[in-house]
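Here's the letter readout for the chains.
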Amino acid sequence: PFSSACRGFRLLSSEKSKGNVVKKLYGASLKRLKRDLSLRVGGGGGASEVAIEKNFIIANVLKAIREEGSVAKFADVLHDFFVLKRVFGEDNVPDLYPLFRDSGIFGGTTPDPSLELTTTHLFAKLESIAEGDGKESTNPVVKLAREILASNTLGSVVFVTPELGKWSTVGGLGVMIDDLSATMATLGIDVWVISPYYDYNRKGQQGYLAADGIEWKFNIDLVISGQSIPIGVHQGVYNGVNLVFLHNGTFFPSVYPDWDAAMAIRFLAVMGKAPLEVLCQLQKIPAVFVSNDWATGLCPAYAKKGHFGNVFGGTTFFHIVHNLDPSYEGRLYPHRGLDIGAMTELPLDLLVDPHWAQWCVNPSRCVLLTCDTWGTVSKSYCEDLRGRGVGQASPLAWLLNQKSEAFSYPNGIPIAARTAKLRSLPEKTHDEAKSVLQMKYFKYQSADLTVPLFAFVGRITEQKGVHLILNAAEALIHRYNHKIQILVGGMASMKDPYAARCAHQMWHLAGRYPHNFWAAPNEFFTDGMLVNMGADFGLMPSAFEPGGIVQHEFFLAGTPVIAFKTGGLKDTVIEFTPHNGEGSGFSFQSHTEGDLIFAIERALRVFGDKQKYAQLRENARAACISCEQVARAWLSEFCRLKRKMAVNLQQVAEVRSRLPSWSVSEFATSETEGKVLERLVREEEEALRLKKEEEEKARRQAALHGQRFKGAIAAGPVPSAPSGTPGAVDASFADSSLPTAAASSGAASSPMPSHSSHGALTDEVSIDLIYAPPSSAPKPRVAIATGSFDNWQVRKPMRWDNATQTFVAEMALKRGKYLYKLILDGSWCCDPNTPIETDPMGNQNNVLVVK
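As a starting point, this report considers the structure included with it. (Residues numbered from 1 in each chain as written. Predicted model: local features only at pLDDT ≥ 70, side-chain atom pairs only at ≥ 80, totals over all residues. Heavy atoms only, no water.)

A word on the overall build of the protein
Put simply, the test is: What counts as a helix is a DSSP run of H or I of at least four residues, what counts as a strand is a run of E of at least two, and both are numbered from the N terminus. Exposure classes here rest on a 1.4 Å probe applied to the protein chains alone. A residue is buried below 20% of its type maximum, exposed above 50%, and partly exposed in between. Every residue pair with non-hydrogen atoms within 4.5 Å of one another is taken to be in contact. Shrake-Rupley sampling with a 1.4 Å probe provides the accessible areas, and residues are treated as covered by the protein chains on show and by no other component.
When you go through the protein residue by residue, the secondary structure sums to 28 helices and 24 strands. In the protein, which comprises 851 residues, the proportion classed as buried is 55%. Taking as baseline every contact in the protein between residues at least 6 positions apart, the subset at least 24 positions apart corresponds to 72%. In the structure as shown, the protein presents an accessible area of about 37600 Å², 52% of it carried by carbon and sulfur atoms.

Here it is in structure tokens:
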């Protein structure tokens, strides 16, 4: 740690002394700040112990930012930095934006709720100052504020996804991108989403974009393997998101068509290259490019392997992993005679692992080899995939682990929009909704709220674990004497053997127990929202679930969930503990019907206690994650990747509305330490200018008389200072780490110098003793003058004058002759550029004559 000590000072004048003290304080603070920032950014030893907020400069900044109801003091702080750059030089004063970003005290690129308020006040005051006195303000403070705000602009974020929202969603990944992009747009981000315009949507409709104002704009010719492929580009804005849909009936007939391997590889190539080509045509090169799931896995490869030159060199490529179970990686198994390299125009090793036993094209391998980083939808699933959790690791774990800082955050739902839809239902309470469900689906003549209702809503697939519910249903119905109801809402594809088996079992249960079990696997279930509100418990026995959205749809309605402890469900469905009333549902750890029944039994015990069950429903409602939370987390990650500060613009606007107006004229009348320092600099510059004029006048007079003029200093005239050059600091307050601080130097050895007699005149003359180091050698760090002017008793530190590139010692001497020597970096020597005299003992000393 640094400590301060006052070694001595000389009172020059009240104003100049204040300026020198201020200069010393800032100089020492800058030295520490430079060291601390290098530790933080570099992550070296001691980085975690750096208390940068205690720095003198940072403390002033924080005080000005946190002061409620004042913009003027923060404007003064900005002005101080402007002055510091003039005084100490650009290289020694950090730029403000990197200082704010890297110091860590404003949250930096990582979302930290404890620092969010400081960051909010910082940007609210920056915006107030940036308005200034007009668009072309010349005020340095206004310009600095505008530069900082401009430096924190993230740029465009582009998502590329095979399915999207209401147009083409099949599973959760289409919903996730739809919600995430729309919410990020509300946060002030320029968001673009590129997705295929399929000939037929999931409902078998054509021309479905027109209803939302999305229209054809132009065509592009995509060239892959020598073949020109026409792509129609349709554009529109929906919920603040710039949408781009790509149309080609051959490659985009419907979502996930049943193709052979060769056609699927061609689809991957088109899906990988077309979005990049469209961005080039639109001249929209994003800061962050997000590929969503395996179907977009070739995008980073096309961007980085020479197909677009260096156009995307400044773009960060981020890949979202939804499900890396081997059957969801997008694996294709073509015959070995297929020239995959020629078909895709990509290096074969990106797509095919030569060490695998089976010849397999894997787009997930390609994207993990070429993207900059990746993320997924829950922390637990992220750890499982990398082989660091308790779940099954991905076969691609070695690739996933090459990216050291993978991102993860749970999915959420648009709470406000979803709540509005729930309130639009005729049924306003849980009991009312449950009554309707019992009478509509279980043939009750009147509701019986004492009978617990369990419900599943989703796809009938093996991943969703529906068979556990079906296998447990009959045992539960008998165990609880037909006082239990189970609803399974979802459509089964009879082409899928698993779904077909489940469908037959559903029909059997529904026919045998019409008051206890309902399912219609051949129908599209439309009462999902009513079930969310009316069920007593939601069922999610998914064998694996990277994130999950359905649990939040139940949670929002206050319905607790029973889920298998996997992936995102493990992070969001927390076991309810009756003794302390915490938790949002129940979970089971073994994917068996027995463990599911055990979890349902625990749930039924809580259901029988009205007070505890009411607490459980409140907990479930509080456990719901909003899209805004999710979007802010993803935005913070994108900011971290691009080294920007994550800012809540809504909070900034709220804080700014409470701040007083600020004007340049108000700033001009304030008095700060920085302005004292600036005034001192101007005075020193003026003094140097006047001194130069006097010396030039004296030279001209000497030339007229044919005499060599030595001026007030035998060592030579003071070099002129260029206009605008900062003055130097007084030697007593010099800082050896900065250009304006006293530096050290030289080397020479000499016996003790001899004494000399002085002139008889008694009046004193103020002179500057000057030493100009040779440019061919390193500049000394410390220069000291000592001589016969005080009988060699005192060593006078010489200050470094950055303007003249010389060491200077100010002295008041009587007229006469003096001998002196320099001590440079501890070594005695003479200045070869000034007169030298040798005494009878052979000692050499410089000669100074004061006239």
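Focus on the sheet that holds strand β19 (residues 799–801)
Under the convention used in this document: Two strands are counted as paired when DSSP detects at least two bridges linking them. Every axis in this analysis is a line fitted to C-alpha atoms, fitted for helices over the stretch in contact. Angles between the N-to-C directions lie between 0 and 180 degrees.
Pairing is antiparallel across the open sheet formed by 3 strands, whose spatial order is β16-β20-β19. Of all strands in the sheet, those bounded by a partner on one side alone are β16 (764–771) and β19. Strand after strand, the sheet turns through a mean of 40° between neighbouring axes, direction not considered. In this sheet, strand β20 (residues 806–814) lies alongside β16 in antiparallel orientation, the contact comprising 8 bridges. Within β20, the residue paired with Ile770 across the bridge is Val808.

Here we look at the sheet that holds strand β4 (residues 227–238)
Spatially, 9 strands are ordered β3-β4-β5-β2-β1-β6-β7-β8-β9 in an open sheet, and the strand pairing comes out mixed. Either end of the sheet is taken by a strand with one partner, and the two such strands are β3 (215–224) and β9 (407–408). Pairing of strand β2 (residues 191–196) with strand β5 (residues 241–247), which is carried by 5 bridges, proceeds in the parallel orientation. Bridging across to β5, Ile194 finds its partner in Val244. Along the sheet, helix α9 (residues 261–282) contacts β1 (157–160), β2, β3, β4, β5, β6 (288–292) and β7 (316–321); its crossing angle with β3, the most-contacted strand, is approximately 120°. Across the sheet, helix α25 (residues 627–641) is in contact with β1, β6, β7, β8 (373–376) and β9; its angle to β7 comes to roughly 145°.

Here's the deal with the pairing of β4
Sheet topology places β3 next to β4; 9 bridges connect them, and they run antiparallel. What sits directly across from Asp221, in β4, is Pro230. Hairpin geometry of β3 and β4 is characterised by an intervening segment of 2 residues between the two adjacent antiparallel strands and by a positive phi of about 55° at Ser225. Sheet topology note: the β4/β5 ladder contains 7 bridges and is antiparallel. Residue pairing in the sheet places His234 in a bridge with Phe245 of β5. Where β4 hands over to β5, the hairpin turn is made up of 2 residues, of which Asn239 adopts a positive phi near 55°.

Focus: the packing of aromatic side chains
Rules: Only Phe, Tyr and Trp rings are paired, with Trp represented by its six-membered ring, and only when their centres lie within 6.5 Å; those with planes under 30 degrees apart are stacked, over 60 edge-to-face, the remainder tilted. Whether a charge lies above a ring is judged from NZ of Lys or CZ of Arg, which has to be within 6 Å of the ring centre and within 35 degrees of the ring normal.
One pass over the structure, following the stated rule, counts 28 aromatic pairs. For the ring pair Phe564 and Phe588, a centre distance of 5.5 Å and an interplane angle of 45° mean the geometry is tilted. Linking Phe564 in strand β14 (residues 561–564) with Phe588 in strand β15 (residues 585–588), this pair joins segments that are 24 residues apart in sequence. Residue classification places Phe564 among the buried positions, given a relative accessible area of 10%. Note on Tyr771 and Phe807: the rings are 6.3 Å apart at their centroids and 15° apart in plane angle, and the pair reads as stacked. A residue pair is termed long-range when its members are at least 10 positions apart, and Tyr771 in strand β16 and Phe807 in strand β20 qualify at 36 residues. Side by side, Tyr771 and Phe807 carry an identical accessibility label, which is buried. Aromatic rings pair up to connect Phe454, Phe537, Phe576, Phe586, Phe607 and Tyr613 into one cluster. The lysine or arginine in question, Arg602, covers the ring of Phe598, its NZ or CZ lying 4.8 Å from the ring centre. It is Lys779 that lies over the ring of Trp800; its NZ or CZ is 4.5 Å from the centre.

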